[in-house]
Amino acid sequence: MVAFLKKLNNTDHRTDLNDVDRLIVRRGQPFTISLYLRSGTYQPGVSSLNFIAETGPQPSEQYGTRASFGLSANIDTSRWSAAVSSPPGDMVALSICSAPDAPIGRYTLTLGESGQIEFILLFNPWCPGDTVYMDNEQSLEEYVLSQDGIIFRGSAKHPIPTPWNFGQFESGILDICLRILDMNPKCLKNPGKDCSGRRNPIYVSRVLSAMVNCNDDKGVLFGKWSDDYEGGVSPMFWRGSVEILRNWDTQACQPVRYGQCWVFAAVACTISRALGLPCRVVTNYLSAHDTNSNLVIERYVNENGEPIQSREMIWNYHCWVECWMARPDFKSDFNGWQASDPTPQERSDGVYCCGPIPVRAIKEGELMFKYDAPFVFAEVNADIITFMKKKDGSISEVNNTTVVGQKISTKSVNSDAREDITHLYKYPEGSDEEREAFKKANHQNKLLHRQQNQGLHLTIKVTSGMRKGCDFDVFAVVTNNTESEKKCRLVFGSCAVSYSGILGENCGFKDLLNVELSPGAERRVPLRLNYSKYGDKITGDNLIRLAALLFDYTTNETTLAVRNIVLENPEIKVRILGEPKVNRKLAAEITVQNSLPYPLENCCFSIEGANLTGGCVISELGSPVGPGEDAKVKMYFTPTHSGLRKLVVDFNSTKLCHVKGYRNVIIGK
């Protein structure tokens with residue numbers, strides 16, 4: 001008879017949050033089982049025992065999915081090994097260790113004639129012999145064990161933290177993640193070779209990048225970037241990865257509708273952490289989408305400064321993930337964070353996936369490295385050239401100060417604060433190092449000596465308190481830095497825009513034919529944005545694009561200033577009533593104020609939190625919420641584990657759409 005000691009082993013291997021009803025261990029780290037002998041006693045040096053560890057449908061020593069080994073005097077953590085760790089007797093305590101480069105997945109371990117045990121093997125970032133090893137306990141707590149986090153959205157001027165429940169230890173999620181690996185086309189075509197590849201985190205992260213989207217396979221999410229979400233739900237609806245993964249699993253691997261970049265990235269982060277890969281979600285503001293790999297984004301506007309839509313766009317922000325691993329295929333300088341993007345944008349080797357590529361390679365302009373370095377490099381460091389198409393068909397270049405790749409952000413370790421990691425991706429804009437990176441990237445179309453109009457300076461200024469439902473002013477500010485009087489034409493417009501750069505309808509427009517400025521003078525031109533005009537035009541992203549176009553009559557030069565603004569949703573206030581204790585009912589009071597000028601109907605709160613709610617909890621409000629009134633509910637939970645937990649709260653109505661808030665709860669024993 002064999003005793004698995006599952007609770008002891010899972011706790012030791014930091015997998016006890018999955019469950020303690022089965023054996024889940026990490027590679028390169030010993031685990032213990034007890035073997036009760038039917039007859040006789042174990043005699044050191046006399047008794048023998050052979051082991052066979054197998055994974056996948058076609059176990060093979062050639063592929064590394066089958067390992068045979070016997071008892072040794074001591075555990076060898078560099079390979080599959082076993083040793084006795086108890087005194088002689090009719091009960092033998094066996095210490096068993098997998099190789100630190102063994103394929104992850106489901107295993108069967110045969111113990112001579114004594115029977116078989118089944119277990120799940122994961123990556124082990126606590127093991128120095130594992131290529132995902134991370135030598136920082138606080139970082140491991142954040143990037144492997146933390147079940148909730150923050151994803152930054154909004155704009156470069158106003159990053160907005162959005163809470164997310166990754167929930168990688170929730171019931172059934174690990175099994176779903178393993179099923180995702182099994183459903184990838186490479187596994188369906190050659191399961192033996194695919195299971196062998198699961199020893200390599202580079203391979204696994206690339207498979208996940210393809211499988212989180214459904215463009216080429218039975219992937220998890222269907223992406224959609226329009227306002228029509230018929231047949232599914234808006235990406236704004238999701239508060240965490242758990243419901244998405246469970247829906248995919250229960251719906252026979254049919255894609256869940258719908259996702260956008262932060263949802264794709266969050267689900268990829270959940271799967272990575274579940275499998276033992278240290279992972280974090282990264283947001284790149286003003287992110288370029290380069291379709292022809294020339295590292296230049298060519299944009300066009302008409303004579304009103306209105307953009308002409310094209311495939312090459314600047315996303316207001318874009319999210320991807322980074323996974324931590326060594327890159328034995330490169331020099332050691334390129335170990336560490338590797339960028340991987342599951343949002344389907346361009347094909348890589350014929351498949352919609354991207355990465356992993358060392359973040360350091362992007363910074364240094366090493367575009368020959370695998371995988372997809374030119375595309376990621378362009379996302380954070382492409383140059384922008386803007387042209388104006390005139391009515392007569394002529395085209396002229398417009399001075400433009402827009403810079404891509406700003407405020408690259410991720411959640412800080414042990415804090416909900418934003419950590420700016422731009423310096424990991426790029427040298428300071430315009431520095432010698434940044435220019436050298438462009439040369440190394442063989443960037444032939446760089447305009448090294450672009451002339452900037454220093455005489456007239458154009459910027460867009462905004463005020464604080466730009467809340468959805470309110471009227472407010474934005475300003476085009478023109479400064480004359482020359483010693484002569486200037487006469488100009490100023491076109492100042494606004495339109496709704498999605499975070500991916502898709503343009504919507506006009507929200508306000510002003511055309512001043514004669515703007516006069518004396519030397520050194522500054523002129524502030526206001527544009528009033530009325531809720532009655534923009535309210536039904538903006539998407540759930542709450543984004544408005546502002547564009548100011550300045551024509552200098554004396555020099556015939558044109559200057560363009562562009563800025564995206566994000567409107568604030570009302571704040572959800574979460575108040576914990578009483579002291580949180582494990583296995584004791586906990587009350588939370590949740591309040592949000594209606595900031596719109598009309599009543600909100602069909603309102604509900606949705607609450608989710610790992611080890612708090614046991615899944616999503618929904619509370620519907622029976623009556624409308626009038627302008628300026630508070631929507632309020634009281635919810636009850638029973639925490640099942642101690643420690644820091646995050647309540648993610650979502651408010652939805654037919655008019656206000658989705659508003660999110662969160663509250664950290666520290667639960668005592």
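This structure is a prediction, so every number in the text was calculated from the model and none was measured.

**Q** Describe a positive patch on the surface, naming the residues involved and giving the relevant values.
**A** Taken together, the side chains of Lys-157, Lys-407, Lys-461 and Arg-524 make up a positively charged region of the molecular surface. Of note, Arg-524 is situated in strand 28 (residues 522–529).

**Q** I'd like a rundown of the confidence of the model for the chain, residues and numbers included.
**A** For the chain, the mean per-residue pLDDT works out to 89, and 94% of the residues sit at or above 70. Here residues 442–453 is a poorly scored stretch, pLDDT under 50, and it has 23 contacts once near neighbours within four places are set aside; other chains count.

**Q** If you had to explain the sheet that holds strand 25 (residues 472–480) to someone new, which residues and values would you point to?
**A** In spatial order, the strands read 24-25-28; together these three strands make up an open sheet with antiparallel pairing. What marks the edges here is a single partner per strand, and that holds for strand 24 (456–462) and strand 28. For this sheet the average axis-to-axis angle between neighbouring strands, irrespective of direction, equals 20 degrees. As paired elements, strand 25 and strand 28 share eight bridges and run antiparallel to each other. By the bridge assignment, Phe-472 is partnered in strand 28 with Leu-529.

**Q** Tell me about empty space enclosed by the protein, and name the residues and values.
**A** According to the stated counting rule, one finds two cavities of 30 Å³ or more in the structure shown. Reported here for the largest cavity is a volume of approximately 80 Å³. Among the elements of the structure, helix 2 (137–145), strand 10 (148–154), strand 14 (279–289) and strand 22 (406–411) are those that each provide at least two residues to the lining of the largest cavity. Top contributing element to the lining of the largest cavity by residue count: strand 10, with three residues. A volume near 50 Å³ is recorded for the second largest cavity.

**Q** Lay out the packing of aromatic side chains in plain terms, naming residues and giving numbers.
**A** Following the criterion strictly, the structure yields 26 aromatic pairs and no others. Between Trp-324 and Trp-337 the ring centres are 5.3 Å apart and the planes differ by 80 degrees, which places this aromatic pair in the edge-to-face class. With Trp-324 in strand 17 (residues 313–325) and Trp-337 in strand 18 (residues 336–340), the pair connects residues that are 13 residues apart, well separated along the chain. Arranged with centres 4.3 Å apart and planes meeting at 15 degrees, the rings of Phe-330 and Phe-369 form a pair that is stacked. Here Phe-330, found in the loop between strand 17 and strand 18, pairs with Phe-369, found in the loop between helix 9 (359–364) and helix 10 (373–381); they are 39 residues apart in sequence, far enough to count as distant. The burial state of Phe-330 is the same as that of Phe-369; both residues are buried. The ring of Tyr-371 is capped by Arg-206, whose NZ or CZ atom sits 4.2 Å from the centre of that ring. Over the ring of Phe-237 we find Arg-239; its NZ or CZ atom is 4.8 Å from the centre of that ring.

**Q** Let's hear about the sheet that holds strand 31 (residues 572–577): which residues, and what values?
**A** The strands that make up a sheet are held in pairs by hydrogen bonds between backbone atoms, and each pair lies either parallel or antiparallel. In space, the three strands of this open sheet follow the order 31-32-35, with antiparallel pairing throughout. Strand pairing shows two members of the sheet lacking a second neighbour, strand 31 and strand 35 (630–637), which therefore form its edges. Direction aside, the axes of adjacent strands within the sheet are offset by 20 degrees on average. Bridge count between strand 31 and strand 32 (residues 586–593): six bridges; the pairing is antiparallel. Counterpart to Lys-573 in the pairing with strand 32 is Thr-591.

**Q** Give a detailed account of the environment of Arg-199, specifying residues and quantitative values.
**A** Note on placement: Arg-199 falls in the loop between helix 5 (191–197) and helix 6 (201–211). For Arg-199, a relative accessible area of 27% gives the class partly exposed. Distance from Arg-199 to Lys-363, taken between C-alpha atoms, is 28 Å for residues 164 residues apart in sequence. When sequence neighbours within four positions are dropped, the list of residues in contact with Arg-199 reads Arg-27, Tyr-63, Gly-64, Asp-101, Ala-102, Pro-103 and Phe-123.

**Q** Go over helix 2 with me, naming the residues and quoting the values.
**A** Those residues of helix 2 lying buried are Ser-139, Leu-140, Glu-142, Tyr-143, Val-144 and Leu-145. Against strand 2 (23–26), helix 8 (261–275), strand 14, strand 18, strand 22 and strand 23 (418–420) lie the buried residues of helix 2.

**Q** Could you give an account of the UniProt feature "binding site: Ca(2+)" (unreviewed entry) in the chain, with specific residues and numbers?
**A** UniProt records the feature "binding site: Ca(2+)" (unreviewed entry) for Asn-381, Asp-383, Glu-429 and Glu-434 in the present numbering. These residues run over 54 residues, yet every pair of their C-alpha atoms falls within 12.0 Å of each other. Residue classification places Asn-381 among the buried residues on the basis of a relative accessible area of 4%. Within the secondary structure layout, Glu-434 lies in helix 12 (residues 432–440). Take Glu-434: its relative accessible area is 1%, and that puts it in the buried class.

**Q** Outline the nonpolar core, listing residues and values.
**A** Counting 63 residues, the largest nonpolar core has Trp-164, Ile-180, Leu-221, Ile-244, Trp-262, Ile-271 and Leu-275 as the members making the most contacts within it. Elements with a minimum of two residues in this core: strand 9 (116–122), strand 10, helix 3 (173–182), helix 6, helix 7 (242–250), helix 8, strand 14 and strand 17. Sorting elements by how many residues they give to this core places helix 8 first, with 12 residues. If we ignore the near neighbours within four places in the chain, the residues touching Leu-221 are Val-212, Asn-213, Cys-214, Ile-244, Pro-255, Val-256, Tyr-258, Gly-259, Val-263, Phe-264 and Val-267. Grouped together as the second largest cluster of nonpolar side chains are 55 residues, Phe-472, Ile-538, Val-574 and Leu-596 included.

**Q** Give a detailed account of the state of the cysteines, specifying residues and quantitative values.
**A** In total, this model carries zero disulfides according to the counting rule given. Cys-353 takes part in no disulfide bond, and the closest cysteine sulfur to it belongs to Cys-354, at a distance of 7.5 Å. This cysteine, Cys-603, is not joined by any disulfide, and Cys-604 carries the nearest cysteine sulfur, 7.9 Å off.

About the thresholds
- Residues numbered from 1 in each chain as written.
- Predicted model: local features only at pLDDT ≥ 70, side-chain atom pairs only at ≥ 80, totals over all residues.
- Heavy atoms only, no water.
- Patch = residues over 30% accessible without salt bridge, like charges linked within 9 Å, V, L, I, M, F, W, Y side chains within 5 Å.
- Areas by Shrake-Rupley, 256 points an atom, 1.4 Å probe, with all protein chains shown as cover.
- Salt bridge = Lys/Arg side-chain N within 4 Å of Asp/Glu carboxyl O.
- Lys, Arg positive; Asp, Glu negative; His and termini not counted.
- Charge placed at Lys NZ, Arg CZ, Asp CG, Glu CD.
- Helix = DSSP H or I, 4+ residues; strand = E, 2+ residues; numbered from the N terminus.
- pLDDT = per-residue confidence, 0-100.
- Contact = heavy atoms within 4.5 Å.
- Pairing = 2+ DSSP bridges.
- Axes fitted to C-alpha atoms, helices over the stretch in contact; angles between N-to-C directions.
- 1 Å grid on protein atoms, 1.4 Å probe; cavity = no way out; pocket = protein on both sides within 12 Å on 5 of 7 lines; lining within 4 Å.
- Points joined across faces, edges and corners; volume = space filled by probe spheres on them.
- Phe/Tyr/Trp six-rings, centres within 6.5 Å; stacked < 30°, edge-to-face > 60°.
- Buried < 20%, exposed > 50% of the residue type's maximum accessible area, 1.4 Å probe, protein only.
- Lys NZ or Arg CZ within 6 Å of the ring centre and 35° of its normal.
- UniProt positions renumbered as here; feature names shortened; annotations may be inferred.
- Core = buried A, V, L, I, M, F, W, Y, C linked by side-chain atoms within 4.5 Å.
- Disulfide = S-S within 2.5 Å.

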